[in-house]
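Understanding the architecture of this molecule
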Amino acid sequence: MLTRSSTFLDPLERPKNFIDNIGYERTADFGSPFFEVLKMNEKLKEQICRAEETFWENPSLLPYGEAREKLRFQQKDIKEAADRLKRFAPLILKLFPETEKEKGMIESPLREIEATREEIHHRIGIQSVGAERLLLKCDSHLAIAGSVKARGGIYEVLKHTEEIAFQNNFLKPGDDYAKLEQYKSFFSDYTIQVGSTGNLGMSIGIMSAALGYHAVVHMSMDAKNWKKQLLRSKGVIVREYQTDYSKAVEEGRRQSDRDPKSYFIDDEHSADLYLGYAVAGERLMKQLASMDIEVSAENPLYVYLPCGVGGAPGGITFGLKECFGDHVHCYFVEPTQAPCMLVGLASGEGENACVQDYGLTGKTEADGLAVPRPSGLVAKEMCHLVSGEATVSDSKLYDYMRLLKEKEDFIIEPSACAAFEGYCRLLKEKGTQKGTHILWATGGSLMPNDVIQEYLRK
Ligand SMILES: *Cc1c(COP(=O)(O)O)cnc(C)c1O
């Protein structure tokens, strides 16, 4: 049964500042800090400004029972997203036969990487005591988009599609969504646009094009050439900017707002992206159960998530907290030159914080994380949920990439390798932590071979 929220609006009638179905307005949070403004620890500030690797523990972390009351979203919002993805599975299966094994559900394997764990312990000089396990969540190999963006990005395109289909009466509750395939020429009248450093554009571009939409991706200067080429080969319009991510988003938003039949997927404010990512929590819980891995006070879960604007790691953290509460500890990892969520959270200024204000360039080889300003929506949701953050220098990402290739014969992209630093840094700061540790590998399976070889030589 489809549930429509009370703020359901015709996309064509949405006011320009309409952002999501939960009533959040883009302008509402600007101008004033959204939670307690914190005095940033001087040593932390210095390290950030000098682009040194740092480790931050969140002083505002709350027991989940308490934090939960302050959140904007609830379990029912995640469930709505999960149900919607189920309704769309028959259509996904039809459009992307590679999802056959999962019956049109887009999900990734969870695998143990024991040899990598041993090598990391050896390098750091820690005695392995067998009290912990290290797993890799392979979102790098999610179908269709080859990155974590296959969760949020595809979800938002589907949600928008469902709205249009219901409005035009070619879909009603209970229908088999596979029939939407016949409406490609109808959808070709509509445009979907997005600003991206690469992977979000790929997930939204590929999915939009497959449904028949006219798709436009506004790429920041950080975007890799192969990602632009791949999109163009699928008929997606790629607009290139010599500016950073926030500027590319701004320009995309402006162009989209001029066209009443255009829908802009707004990574800096989107509740739909966030909730699409959050569905990962319950899926992971089932995977852990099927591997007989218990999550409890005695055997907690530690999750390390590469962070850009915050939607993906934030949504996943929310989903995991709903499943495991205080038994899961989520750490974000960002590049030393672009730690936007760290400055947003540690200063308490959220989206008003910007890495350039700390004298940083915002430039990084980790294209998926090259974001100067965090999502205000996500920063606000995360301020009591995230356990901490680590930052990592670009050069280390290639070392981690080689390590994984050597020990597991598995390739992920540099941005995704940031997850390793969270685990390594925690080990160095606190020693072995009994429990299950998960590196969230956020992307990489679509990388062309010559690009992989170049990275492995760096
Ligand atoms: C986008 C991305 C992230 C981070 O997601 P955000 O929602 O931007 O925080 C991490 N890794 C990769 C490979 C990505 O593409």
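These lines cover the structure that appears in this document, whether it is placed above or below.

Parameters and conventions
Residues numbered from 1 in each chain as written. Predicted model: local features only at pLDDT ≥ 70, side-chain atom pairs only at ≥ 80, totals over all residues. Heavy atoms only, no water. Core = buried A, V, L, I, M, F, W, Y, C linked by side-chain atoms within 4.5 Å. Buried < 20%, exposed > 50% of the residue type's maximum accessible area, 1.4 Å probe, protein only. Helix = DSSP H or I, 4+ residues; strand = E, 2+ residues; numbered from the N terminus. Pairing = 2+ DSSP bridges. Phe/Tyr/Trp six-rings, centres within 6.5 Å; stacked < 30°, edge-to-face > 60°. Axes fitted to C-alpha atoms, helices over the stretch in contact; angles between N-to-C directions. Parallel < 35°, antiparallel > 145°, perpendicular 65-115°, else oblique. Left-handed = near helix turned anticlockwise from the far one by under 90°. Contact = heavy atoms within 4.5 Å. Salt bridge = Lys/Arg side-chain N within 4 Å of Asp/Glu carboxyl O. Nonpolar A, V, L, I, M, F, W, Y, C, P; charged D, E, K, R; others polar. Expected span 1.5 Å × (residues − 1). Near = heavy atom within 4 Å. Polar contact = N/O pair within 3.5 Å; in protein donor to acceptor, adjacent residues only side chain to side chain. 1 Å grid on protein atoms, 1.4 Å probe; cavity = no way out; pocket = protein on both sides within 12 Å on 5 of 7 lines; lining within 4 Å. Sits in = over half its atoms within 2 Å of the grid points. Points joined across faces, edges and corners; volume = space filled by probe spheres on them.

1. Structural notes on the nonpolar core
Counting residues in each nonpolar core, the largest one holds 146 residues, and the members touching the most others are L288, F318 and W440. Counting residues per element, this core draws most heavily on helix α16 (residues 414-430), at nine residues.

2. Notes on the pairing of strand β7 (residues 262-265)
Side chains on a regular strand alternate between the two faces of the sheet. Alternating positions in β7 separate into two faces, S262 and F264 on one and Y263 and I265 on the other, with burial throughout. Bridge analysis of strand β4 (residues 191-196) against β7 gives four bridges, and the strand direction is parallel. Looking at β7, one finds that T191 is bridged to S262.

3. A few points about the packing of aromatic side chains
A ring pair, where both rings are aromatic, is described by two values, the distance of the centres and the angle of the planes. Scanning all chains against the criterion turns up 14 aromatic pairs. Between F170 and F187, the ring centres sit 6.0 Å apart and the planes meet at 75°, which makes this aromatic pair edge-to-face. With F170 in the loop between α5 (149-167) and α6 (184-187) and F187 in helix α6, this pair connects stretches of sequence that are 17 residues apart. Since its relative accessible area comes to 8%, F170 is described here as buried. On the basis of relative accessible area, F187 is assigned to the buried category, the value being 0%. Consider the rings of Y274 and F318, whose centres lie 5.8 Å apart with planes at 10°: the pair is stacked.

4. Quick look at the packing of helix α4 (residues 114-124) against helix α15 (residues 394-408)
A pair of packed helices is captured by two measures, namely the crossing angle of their axes and the spacing between those axes. Two elements in contact, α4 and α15, have axes separated by 8 Å at closest approach and are oriented at 130°. If you check the angle between α4 and α15, you find them oblique. Every pair of crossing elements has a handedness; the one defined by α4 and α15 is right-handed. Across the interface between the two elements, E114, A115, T116, E119, I120 and R123 of α4 pack against L403, L404, K407 and E408 of α15.

5. Some details on the pattern of salt bridges
Per the stated rule, a full pass over the model turns up 40 salt bridges. A salt bridge links K261 to D189, with the nearest nitrogen and oxygen atoms 3.0 Å apart. Separated by 72 residues along the polypeptide, K261 in the loop between α9 (245-257) and β7 and D189 in the loop between α6 and β4 bring together distant segments of the chain. On the basis of relative accessible area, K261 is assigned to the partly exposed category, the value being 30%. Take D189: its relative accessible area is 47%, and that puts it in the partly exposed class. Residue K227 is joined to D367 by a salt bridge in which the shortest nitrogen-to-oxygen separation is 2.8 Å. Here K227 is found in helix α8 (residues 225-233), whereas its partner D367 is found in the loop between α13 (340-347) and α14 (376-382), with 140 residues between them in sequence.

6. Brief notes about the side chain of Q287
Mapped onto the fold, Q287 is located in helix α11 (residues 280-290). With residues up to four places along the chain from it excluded, the contact list for Q287 reads S108, P109, L110 and K137.

7. Things to note about the packing of helix α7 (residues 199-211) against α8
Between α7 and α8, the least distance of the axes is 10 Å, while the angle of their chain directions is 10°. Comparing their axes, α8 and α7 come out roughly parallel. The segment α7 lies against α8, with N199, G201, M202, G205 and I206 engaging W226, K227, L230 and L231. Looking at the contact of α7 with α8 residue by residue, the class counts come to five nonpolar, three polar and one charged.

8. Section: α7
Helix length check: α7, at 13 residues, gives a terminal C-alpha distance of 18 Å against a target of 18 Å (1.5 Å per residue), a fit within 8%. Along α7, twelve of the 13 residues are buried, which leaves the element largely enclosed by surrounding structure. Looking only at α7, the buried set comprises N199, L200, G201, M202, S203, I204, G205, I206, M207, S208, A210 and L211. Immediately downstream of α7, the backbone of G212 shows phi near 105°, a positive value.

9. Remarks on the site of the ligand
As a structural note, the neighbourhood of the ligand is formed by 16 residues, with K149, N199, G308, G310 and T442 the closest of them. Within the side chain of N199, a nitrogen or oxygen atom sits 2.7 Å from an oxygen atom of the ligand. One of the backbone nitrogen or oxygen atoms of V309 is found 3.0 Å away from an oxygen atom of the ligand. Put simply, the ligand lies in the largest cavity.

10. Focus on the sheet that holds strand β9 (residues 328-335)
Pairing in this open sheet of seven strands is mixed, and the strands run β1-β10-β9-β8-β11-β3-β2 from one edge to the other. At either end of the open sheet lies a strand with only one pairing partner, and these are β1 (55-57) and β2 (110-112). Taken pair by pair, the neighbouring strands of this sheet meet at an average axis angle of 25°, ignoring direction. Pairing geometry for strand β8 (residues 301-306) and β9, over six bridges, is parallel. By the bridge assignment, L301 is partnered in β9 with V328. Sitting on the sheet, helix α12 (residues 311-324) is in contact with β8, β9 and β11 (435-441), with an inclination near 170° to β9.

11. Focus: the layout of surface pockets
Estimates place the volume of the second largest pocket at around 310 Å³. Contributing to the lining of the second largest pocket are 14 residues, with K86, M105, E282, R283 and K286 lying nearest its centre. Listed by contribution, the elements that provide at least two residues to the lining of the second largest pocket are α3 (75-95) and α11. For the lining of the second largest pocket, the class distribution of residues is four nonpolar, two polar and eight charged.

12. Digging into the environment of Q75
Position of Q75 relative to the elements: it lies in helix α3. The exposure class of Q75 is partly exposed, given its relative accessible area of 30%. When the C-alpha atoms of Q75 and A278 are compared, they prove to be 9.7 Å apart, with 203 residues separating the residues in sequence.

So far we have only geometry, and geometry alone does not tell us how the molecule works.
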